[in-house]
Every structure is written in structure tokens, then in C-alpha cells.
Amino acid sequence: MITEEEFRELFEDKIKYFIKAELSENPKLDNIFVFDIKKFLELFPDAGDLNDYILKYPKFVEDIILHIFRETYIELFGEDDDLSKVQIAFKNPIGCYKLIENISAEDINKLITFEGNIIKAGKVCALLKRAYFVCPKCGSTIEKPIHNYFEPIEERCKECNEKMNLLENSSTYINIQELEIQQPIDLMKNPDDPPRSIKVFLENSKGIYSGRVDVVGTVLKKKTKSKAPVYEIFIRSNYIKISESFQKIEVRDILNNDDIIEILYELGKKKGIIDILSNYLISQIKGYELVKKAIFLQQIKGAFKFLPDGTPLRRDSHILLITDPGIGKTTMLKRIARLFPQNAYASVTTATGGGLTAIVTRESTEIGDGWVVKPGVFVKANEGTACIDELTVNKDVMRYILEAMESQTIHISKGGLNVKLPARCAVLAACNPKRGRFDRNLTVIEQIDIPAPLLSRFDLIFPLKDIPDKNIDDKIAEHILQTHIETAKKEYSILGEIEIDGILVDEKLLKYYIIFARSCAYIEENQLIYLGEFDEKKLIMPYLTDKAKKLAKKYYLEMRKLGEGDNPIPITARQLEAIVRLAEMHAKARLSDRVEEEDVKEAINIMDYCLKEIAYDPETGTIDLDKIAGTPKSRRDKMDTVLGIIKELINLRDDKIAPEEEIYEKASEYGLSEVDVKKALEYLIKAGEVYNPRPGFYAIL
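Residues numbered from 1 in each chain as written. Predicted model: local features only at pLDDT ≥ 70, side-chain atom pairs only at ≥ 80, totals over all residues. Heavy atoms only, no water.

1. Some details on the packing of helix H8 (residues 289-300) against helix H18 (residues 573-589)
When two helices pack together, their arrangement is given by the angle between their axes and by how far apart the axes lie.
Moving on, step 1. Where H8 contacts H18, the two axes come as close as 9 Å, and the packing angle between them is 80°. For the element pair H8 / H18, the angle class is roughly perpendicular. Two secondary-structure elements touch here, H8 through Phe296, Leu297, Gln298 and Ile300 and H18 through Met585, His586, Lys588 and Ala589.
Moving on, step 2. Grouping the amino acids of the contact of H8 with H18 by side-chain chemistry returns five nonpolar, two polar and one charged. (Axes fitted to C-alpha atoms, helices over the stretch in contact; angles between N-to-C directions. Helix = DSSP H or I, 4+ residues; strand = E, 2+ residues; numbered from the N terminus. Parallel < 35°, antiparallel > 145°, perpendicular 65-115°, else oblique. Contact = heavy atoms within 4.5 Å. Nonpolar A, V, L, I, M, F, W, Y, C, P; charged D, E, K, R; others polar.)

2. Digging into the environment of proline 695
Moving on, step 1. Here proline 695 shows up in the loop between strand E26 (690-691) and strand E27 (697-700).
Moving on, step 2. Proline 695 sits 36 residues away from proline 659 along the chain, and the two C-alpha atoms are 9.3 Å apart.

3. Some remarks on the environment of leucine 557
Moving on, step 1. Along the chain, the position of leucine 557 falls in helix H17 (residues 546-561).
Moving on, step 2. In this structure leucine 557 comes out as partly exposed when scored by relative accessible area, which is 47%.
Moving on, step 3. Distance in space between the C-alpha atoms of leucine 557 and proline 451 is 28 Å, their sequence separation being 106 residues. (Buried < 20%, exposed > 50% of the residue type's maximum accessible area, 1.4 Å probe, protein only.)

4. Notes on the nonpolar core
Moving on, step 1. The biggest cluster of nonpolar side chains holds 79 residues, and the ones touching the most others in it are Ile295, Phe296, Leu321, Leu460, Phe462 and Phe516.
Moving on, step 2. The dominant element in this core, judged by the number of residues it contributes, is helix H15 (residues 507-518), at eight residues.
Moving on, step 3. Those residues in contact with leucine 460, other than ones at most four positions away along the chain, are Ala294, Ser317, His318, Ile319, Leu320, Leu582, Ile606, Met607 and Cys610.
Moving on, step 4. Counting residues in hydrophobic clusters, the runner-up holds 64 residues, among them Ile103, Ala121, Ile233 and Ala386. (Core = buried A, V, L, I, M, F, W, Y, C linked by side-chain atoms within 4.5 Å.)

5. Here we look at the pairing of strand E13 (residues 371-375)
Moving on, step 1. For E13, the tally of buried residues reaches four of five residues, placing the bulk of the element in the interior.
Moving on, step 2. Judged from the five bridges that link them, strand E12 (residues 358-362) and E13 form a sheet pairing that is antiparallel. Looking at the pairing, valine 360 lines up with valine 373 of E13. (Pairing = 2+ DSSP bridges.)

6. Thoughts on the sheet that holds strand E18 (residues 460-464)
Sheet strands associate in pairs through backbone hydrogen bonding, adopting either a parallel or an antiparallel arrangement.
Moving on, step 1. Ordered by their spatial adjacency, five strands build an open sheet running E11-E14-E17-E10-E18, and the pairing between neighbours is parallel. The strands lining the two open edges of the sheet, one partner per strand, are strand E11 (344-347) and E18. When the angles between neighbouring strand axes are averaged without regard to direction, this sheet yields 15°.
Moving on, step 2. Relative to strand E17 (residues 426-431), strand E14 (residues 385-389) runs parallel, the two being bridged by four bridges. Within E17, the residue paired with threonine 385 across the bridge is alanine 426.

7. Details of the packing of aromatic side chains
The geometry of an aromatic ring pair is captured by the separation of the ring centres together with the interplanar angle, meaning the angle of the planes.
Moving on, step 1. Under the definition given, this model contains 19 aromatic pairs.
Moving on, step 2. Ring centres of phenylalanine 150 and phenylalanine 234 lie 5.1 Å apart, and the angle between their planes is 90°; this geometry places the pair in the edge-to-face category. Here phenylalanine 150, found in the loop between strand E4 (141-145) and strand E5 (165-166), pairs with phenylalanine 234, found in strand E9 (residues 231-242); they are 84 residues apart in sequence, far enough to count as distant.
Moving on, step 3. Members of the aromatic cluster, connected to one another through ring pairs, are Tyr17, Phe18, Phe35, Phe40, Phe44 and Phe90.
Moving on, step 4. Its guanidinium or amino end placed over the ring of tyrosine 231, lysine 221 lies 5.3 Å from that ring's centre, counting from NZ or CZ.
Moving on, step 5. Above the plane of the ring of phenylalanine 438 lies lysine 465, whose end atom (NZ or CZ) is 5.7 Å from the centre. (Phe/Tyr/Trp six-rings, centres within 6.5 Å; stacked < 30°, edge-to-face > 60°. Lys NZ or Arg CZ within 6 Å of the ring centre and 35° of its normal.)

In C-alpha cells form, the structure reads like this:
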């Protein structure tokens, strides 16, 4: 091992020069001086051995560089009270990247770097970082840096061998936070294996509670049992950064490959490209082309848009699939969940509300009082898609989902932790009708067991019914049987790559196309932003042309006109905004820098289909959005009529109750059948407006 004198002789002058250059750019101290190894070696390519020493002896080298930093800082700026709190954080070490599952005993006391998802985060606590000791016998003092938190903090005097006293008030403290970081599924050798996680103690933490992170740290050990020489591995780090989004990394990869760009532009020009790629995206399922298209567009997302104060507008489309058994809803959801690393899947049959959003719970921790934040599926799917299966199995989770969909943030406050976590994701949810299968004698909306506030948050609701049809059944049977043959023979046709006018499209190219379209990297000005200093607020986005705007406005006004007077309301501003988002997605999917009439037409077609399926009122023959809220206008009118009759009869009687027979008799004069009256009474009782004081009589509450 190299000595401090040898190290200083080799590197001190270069390190001082580098520190001065960095401080000239940013002289402000924030308890951390980031020593960028890659940047240092670009400046001094002949000092490559420094990287090797840092990897092998990180604690030793860190202390020396810290002394050099202090000397340099005092030389430039003089003494500073905050100087004692400053630490060295290594950034961009070379040749030490590891997967979490590969971190082992061989790495103890070495520097490594890895990436993972935060699955547990504790409170920010205070850590004794530099202990100040005094000898009670001779008065000698010593300052000692603390690298391993689980080793005894004690020191003996070098002069008289007396045990020294720790002066806590004279010692230096910094922030520390305990994290648990899990290996991402996309980095697993076998995605079906349970992912491994590792504890990380983040020094100088300002509080980080969710996200995918890049970690640089030293592997240390902690004894697990007092008698046996068995140790647990953990990471000490003072440099963690939120990983760049998968989208930005992929965009840069695309933009650095001229051949791929040319192919993507060529694909964007193909007629019917959206329909072709939509079917290829979910090739395991036969049919349901409109649903596949909506899901494909959902992955494209709408345009980046911001209010003047910087608040982002929602660009995600939320989709609900209500299906008969055997349609393949789970297959669709799991396919989308596997598409990108930031997409996530959960089934309500096994998930809790906190598991879907986030939870603060008390667990055994090494530091702090045990209160930890555990991010859920919506947080893990930030900037992606949360695929939620069996939505109606557990009604208790629905209030959690509603909050996440409303604000696209998760706010939790418990155990002294007050945290706001980002959840800017699209939601693709699925469930069965409340009786398990669609009843042809009931409307779709009567068979959805979801509270109205949550149901109204979905932009698109698709009922997928299993209706026997000889021609369709023949195609589905052929499709299913052929996929089984292909997977057995490993000769893929239906599930394999497709050819579009001489261009072979496989899974990788499909992902590239979606990312290219989603990011609007096909617009030349945006390419410079992605390759340079990225700022999503500067991105150029497709917008509605005058003709497209007129078409959307015309559709909205015509639909609203149908709701004038005493007619049911067929559409609201919420559906108009959903149409705009869909139109933007369709334009981006064509690699267009404008939202044209054809994009708005397609958005209207999709919206019309959903509205007719879920909001059509057979009694009035019109679309009534109040059906989604639970009470269509036709039902409300009958309830009002029956309620008026009850009030009228009560006013004529001293006992202030209305006989059931007289209610039915009076209602017939208004054209209401016995079935209408019976249902109206049931709804009025359920709404808490009337009650039965005794059998056969009704009174007002």
C-alpha cells in the first residue's frame, strides 16, 4: 500500500490545481466537495493511477484529498468555520460499476458504483463524522474521522496510553440517511428472480425518498452476531444522484445513430403506421384494434406543456379496461409493464393502498427511530405507466388511487416525515364487471363497481365483451393455436418481427420509435436540447392548427348543444381536454410537428366510441355523462317525480306518511310504470331522502 508521503509526491500538485480550478467556478461550500475523477483524468491523463488508488483504498485517499482541499481552500480564501464540516465525495470513478446482485465480500473496503431503485428511506439524522478526543491525564487532543459507523468510537492517548474522552460538543456532525436500494428489474439476469437489495447510508443527505439512483460508495461490513465472525455488507456513500430518465438516455442513443434516425423517419411516413405498430405492440391478443391503438398512443404521451408559473399540465391519458373473463386483460397489462423500465405492474388482489402509492411505516433500522418511507407502484412508475390489474377486488385501495390520479403526486405525513413524491404516470387499469361477466340486460355503467369520482378520472373506458361470433371466434382460435405452435417450435411469425415496406421492425425498434415520438426528438431543434443542456420547458411541441382547433371546438359545441334545456349533458370540458391529449399523441405518433385535423378526428372517434359504450342512456337514446357519476338524468327525473308525489301525499295526511299504494296510483298519472316507481323508491332510500317508518309507507327524512 502506498504511503501518504508517496501519494502526495505523485498527485498533490495536480490535485491542488484541480481543486483551485473547481473552486474558481464554484467557491460556495455546501459541506461537500465533489471530486470528479473522470474530469480530473481528462485534465491529467498521465495520472491514471489515482483512480486505481481511490478504488482500492477509498478511505485512505479520501482523508488525504480532504487535507489537501483544506490547505488549498485556506491558501485561497483563508480560514472558514464551515471548513471542518466539508467532506470529499467521489464522482465518476472508472472501472468499478457493479450490479447489486454481484456486490460481495471481495468488495469490502473498496469503492464501487451501482444503480437501483429506492424501496425504503428513513429519516435524515445527525452523524458524528469527526470525533474530537481529549486525554484526561495529559490534556493531549486528537481529531479522528469516522468511516465505519458500527465500530466502537474510542481512542487511546499516544503520549500516555490513557483512554481519551470524546468531546461531543467540539466534534463535527453531518446529516445521514438510511436507504434500501433494490436492483431494477431491467438489470436482472432473470427478471422472475426476487430482486436483491442493499442498505446504503447516505452522508450529507438533504432527504431523498424515491426514484432510480446512481450510487458511488465504499463497501463496509457490520457484525451481525456477537460471537460468530459473520458480517453484513452495507454501503457508505456521500454521492448519490437521481438517474437520468430512461427516455433521455435512449433519446441520446438514438440521436447518436444516424442509421436508426433514418429508419425511424422512414417508418413515420408509412401509411397506417399507428395501426400497424399498435397491433405489433400487443400481438398476443387478436382483435380489439381501437383499444390497442389507445394503449399505443398512451405510451406516446401528450405534449410537454407548462403554465406561466412553471406548473406542468397533465400529458398522460388514463385508460380503464372492463372485460369479460378470457379476453386477455392481464396479458395486455403485463405486456405494457415490460415495455419500459419505468412502467410497473401490480394486482390489487395482492397489493395494499400504500403498496400502490406510498406508505410510512415503522421497521427495524440501523439508525433513527424506525419510521421509513416505502414508495409504491405509482411512484416507481413516475414518467411511465402504472398497470393496475383487478382494480375492483379491494375497494379500500380506490381512495389511494384517486389521489394519485388527481394530482400525480403522493403526499404522506406520518412519524415526523412529511414527504411529497412524484407520480407523473399514465394509468392502465383493468377489472371484470361486478358480476364477473357482462349482463346483456344491463347497461355497461350499471355493471362497473367503481366509485364515480375515480371512474371520472379515466379519459377512456373500454368495455371488452366476449360475444360469440363465428367469424371472429375462428380468427381468435387460429391466433391462439398458432401462437402456441410458434412458442413451442421457437419459429415466430405472429409474435416475431414484422416487415413494413422492407423495414424489419422488432421489439427494440418499436421501443426506439415510441421514445422518438414521445420525446419529440424528431423535431430538429429538440435534438440540440437533448444532446446539450436538457430543459424540458424549452422543447418544441406539436400544437393544434387552426383547422384542428376549429374541428375540436365544433365537436365540443355540438355535443354541448345536445345538453341544452332539460336534456342530459353529453360532454364536459374534461372530455375536451382528453381529446386534445389524444390528438397530440396521434400527431407525435406520426412524427408530426403539428396537430392536424386527422389527429383530432381520430381522437374524436376514440372518445365517441367510449362515450357511446359507457354513457349511452337507452331510456332517452342520448349520451348522458351523469351515468358515469352514478345517476343519469332519466333516473333523476323519475326520482324527483316520485319524491314530489310523496311530499304531496304527506301534506294531505295528519300522520305525515305516504301509503305505497297511493304513490303507485299517483305515479301512473305521470306515465311511470310500477318498475319505474319501485326503482325510484329504492334509489331515494339509498340516497337517504326517504325511509320506511313502517311496512307499506314512506316518509321524508
